[in-house]
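Chain residues, written in single-letter form:
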Amino acid sequence: MATSISDNSQEFTPNVEPRERLGKIFEYVFLLGLLIGLFILALLIFEISKDGLARFLTPGFLTQTPSRFPDQGGILPAIFGSVLLGLIVILVAVPIGVGAALYLEEYSPKTWWTDIIEINITNLAGVPSIVYGLLGLSVFNYLLGFGPVLISGALTLSLLSLPVIIVTSREAIRAVPESLRHASYGLGVTKWQTVSNHVLPYAIPGILTGVIISVSRAIGDAACLIVVGAVSFLTFNPGLFQRFMALPIQIYSYITRPEEGFANAAAATIIVLLLVILALNAIAIYIRQRYSVLN
């Protein structure tokens, strides 16, 4: 028996070193991919800052309305519109998306039609945003009669965000240990109490990751807003049922103008868009970390 164990260990030892070398090779390849991504991101930020930082620091750029002159005016209506769009997307898409994920994971029977729903939701997460723009144009602008106003753009972005929120929320809920559910049921707790008091708080960090991704995509999207009817020039901060601007539309407007100076204004607007997205992400990450500590 001792001889057999010794022979097996001798046969196994030569196979370990090639696997370790292969693992190191993959580690270096992945590290290289990370460094390339960080280098491109740093280069992008450097180029944007070089072109737009001076315009960004110009007095009134963040507090004034747009002007037809590149070195005058500001982007306040676009900032206001983007922030309002993002808040409405959070208020509309997050409850619906998380509720749909909870139903599919905790309540729905595992039948063929739920499988079809899951496949369709996954496919919708990869649909181009301009398709959602056409959907929003048909439903919110024409069918419901809202017209090309901010609420139409916000609801369209909510549709754009829903599939990603549902998919990531389902994965977060699925990662909750079954033992947690069984322990709750063993104490005589109802299913809804188990879901609301144990499953959902445990899954919130993962759910917020999906919210961060989807809301960031929605705020930075321009294609569906162009289709819905966003404008590139306003002299007032938009309301829910008024024509509206957004930072991606403002950037698109600036880069399509041939006059010298609008490229720098576009770069400065990109800086503002990045800061808005970072601020929303920072809030979501703070909430996620807080729940991670509590759990």
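Residues numbered from 1 in each chain as written. Predicted model: local features only at pLDDT ≥ 70, side-chain atom pairs only at ≥ 80, totals over all residues. Heavy atoms only, no water.

The name an unreviewed UniProt entry assigns to the protein chain is Phosphate transport system permease protein PstA, from the organism Aetokthonos hydrillicola Thurmond2011. Regarding the protein chain, the UniProt comment filed under Subcellular location (unreviewed entry) reads as follows: "Cell membrane". Here the protein chain is described in UniProt, under the heading Sequence similarities (unreviewed entry), as follows: "Belongs to the binding-protein-dependent transport system permease family. CysTW subfamily." (UniProt positions renumbered as here; feature names shortened; annotations may be inferred.)

**Student:** Looking at this model, I keep getting lost on the overall build of the protein chain. Mind explaining?
**Tutor:** A count of helical and extended segments in the protein chain gives 10 helices and zero strands. Reading the protein chain from its N terminus to its C terminus gives the helix and strand order α-α-α-α-α-α-α-α-α-α. Taking 2.2 N^0.38 as the reference for a compact globule, 295 residues should give roughly 19 Å; the C-alpha atoms of the protein chain span a radius of gyration of 25 Å, well beyond that estimate. Within the protein chain, counting contacts between residues at least 6 apart in sequence, those at least 24 apart form 72% of the total. (Helix = DSSP H or I, 4+ residues; strand = E, 2+ residues; numbered from the N terminus. Rg over C-alpha atoms; globule rule 2.2 N^0.38 Å. Contact = heavy atoms within 4.5 Å.)

**Student:** So what exactly am I meant to see when it comes to the UniProt feature "transmembrane region" (unreviewed entry) in the protein chain here?
**Tutor:** If you check UniProt for "transmembrane region" (unreviewed entry), the listed places come out as residues 25–46, 75–104, 124–143, 149–167, 222–241 and 261–287 in our numbering. Along residues 222–241 the backbone is 30% helical and 0% strand, and the end-to-end C-alpha distance reaches 19 Å.

**Student:** It is not clear to me how the environment of Thr-114 should be interpreted in this structure. Could you clarify?
**Tutor:** Topologically, Thr-114 is positioned in helix H3 (residues 112–124). Here the alpha-carbon distance between Thr-114 and Leu-104, two residues 10 residues apart in the chain, equals 7.6 Å. Non-local contacts of Thr-114, meaning those with residues more than four positions away in its chain, are made with Ser-108 and Pro-109.

**Student:** Explain the UniProt feature "domain: ABC transmembrane type-1" (unreviewed entry) in the protein chain here, please?
**Tutor:** The residues that UniProt annotates with the feature "domain: ABC transmembrane type-1" (unreviewed entry) are residues 79–284. In residues 79–284, helix accounts for 77% and strand for 0%; the two terminal C-alpha atoms are 19 Å from one another.

**Student:** So what exactly am I meant to see when it comes to the packing of H3 against helix H5 (residues 150–174) here?
**Tutor:** Each pair of packed helices gets described by two things: the angle between the helix axes and the distance between those axes. Where H3 contacts H5, the two axes come as close as 8 Å, and the packing angle between them is 125°. One element, H3, and the other, H5, form an angle in the oblique class. In this structure, the crossing between H3 and H5 has a hand that is left-handed. Facing H3, whose interface residues are Glu-118, Ile-121, Thr-122 and Leu-124, H5 presents Pro-163, Ile-166, Val-167 and Arg-170. The class makeup of the residues in the contact of H3 with H5 is five nonpolar, one polar and two charged. (Axes fitted to C-alpha atoms, helices over the stretch in contact; angles between N-to-C directions. Parallel < 35°, antiparallel > 145°, perpendicular 65-115°, else oblique. Left-handed = near helix turned anticlockwise from the far one by under 90°. Nonpolar A, V, L, I, M, F, W, Y, C, P; charged D, E, K, R; others polar.)

**Student:** Got a minute to help me understand empty space enclosed by the protein in this structure?
**Tutor:** Once rolled over the atoms, a probe with the size of a water molecule shows which space is left empty. The full count for this structure, using the stated rule, is one cavity of 30 Å³ or more. In this structure, the largest cavity encloses a volume near 30 Å³. Taken together, Ser-82, Leu-85, Leu-157, Ala-218, Ile-219, Leu-225, Ala-246 and Pro-248 form the lining of the largest cavity. By residue class, the composition of the lining of the largest cavity is seven nonpolar, one polar and no charged. (1 Å grid on protein atoms, 1.4 Å probe; cavity = no way out; pocket = protein on both sides within 12 Å on 5 of 7 lines; lining within 4 Å. Points joined across faces, edges and corners; volume = space filled by probe spheres on them.)

**Student:** Looking at this structure, how should I read the pattern of salt bridges?
**Tutor:** When the charged atoms of two side chains with opposite charge come close together, those side chains can pair. Evaluation of the coordinates by the stated rule reveals nine salt bridges. The shortest N-O distance in the salt bridge between Glu-105 and Arg-174 comes to 2.8 Å. Here the residue Glu-105 occupies a position in helix H2 (residues 76–107), and Arg-174 occupies one in helix H5, the gap between them amounting to 69 residues. Given the relative accessible area of 16%, Glu-105 is considered buried. Residue classification places Arg-174 among the partly exposed positions, given a relative accessible area of 44%. Notably, a salt bridge pairs Arg-181 with Glu-178, separated by 3.2 Å at the nearest N-O pair. (Salt bridge = Lys/Arg side-chain N within 4 Å of Asp/Glu carboxyl O. Buried < 20%, exposed > 50% of the residue type's maximum accessible area, 1.4 Å probe, protein only.)

**Student:** Sorry, what's going on with the environment of Gly-206 here?
**Tutor:** Mapping Gly-206 onto the fold places it in helix H7 (residues 191–219). Separated by 66 residues in the primary sequence, Gly-206 and Phe-140 have C-alpha atoms spaced 31 Å apart.

**Student:** Honestly, the confidence of the model for the protein chain in this entry has me stumped. Any pointers?
**Tutor:** Segments scoring low in pLDDT should not have their predicted coordinates read at a detailed level. Averaged over all residues, the pLDDT of the protein chain equals 82, while 93% of them reach at least 70. Per-element confidence in the protein chain is highest for H5, whose mean pLDDT is 89, and lowest for helix H1 (residues 2–56), whose mean pLDDT is 77. (pLDDT = per-residue confidence, 0-100.)

**Student:** Would you take a moment to explain the side chain of Glu-106 for this structure?
**Tutor:** With respect to the element layout, Glu-106 can be found in helix H2. A relative accessible area of 9% means that Glu-106 is categorised as buried. Polar contacts involving the side chain of Glu-106 include one to the side chain of Arg-181, which spans 2.7 Å. (Polar contact = N/O pair within 3.5 Å; in protein donor to acceptor, adjacent residues only side chain to side chain.)

**Student:** I'm lost on the side chain of Asn-141 in this one. Help?
**Tutor:** With respect to the secondary-structure elements, Asn-141 resides in helix H4 (residues 129–143). Asn-141 has contacts with Gly-136, Phe-146, Gly-147, Pro-148, Ser-152 and Val-228, leaving out every residue within four places of it along the chain.

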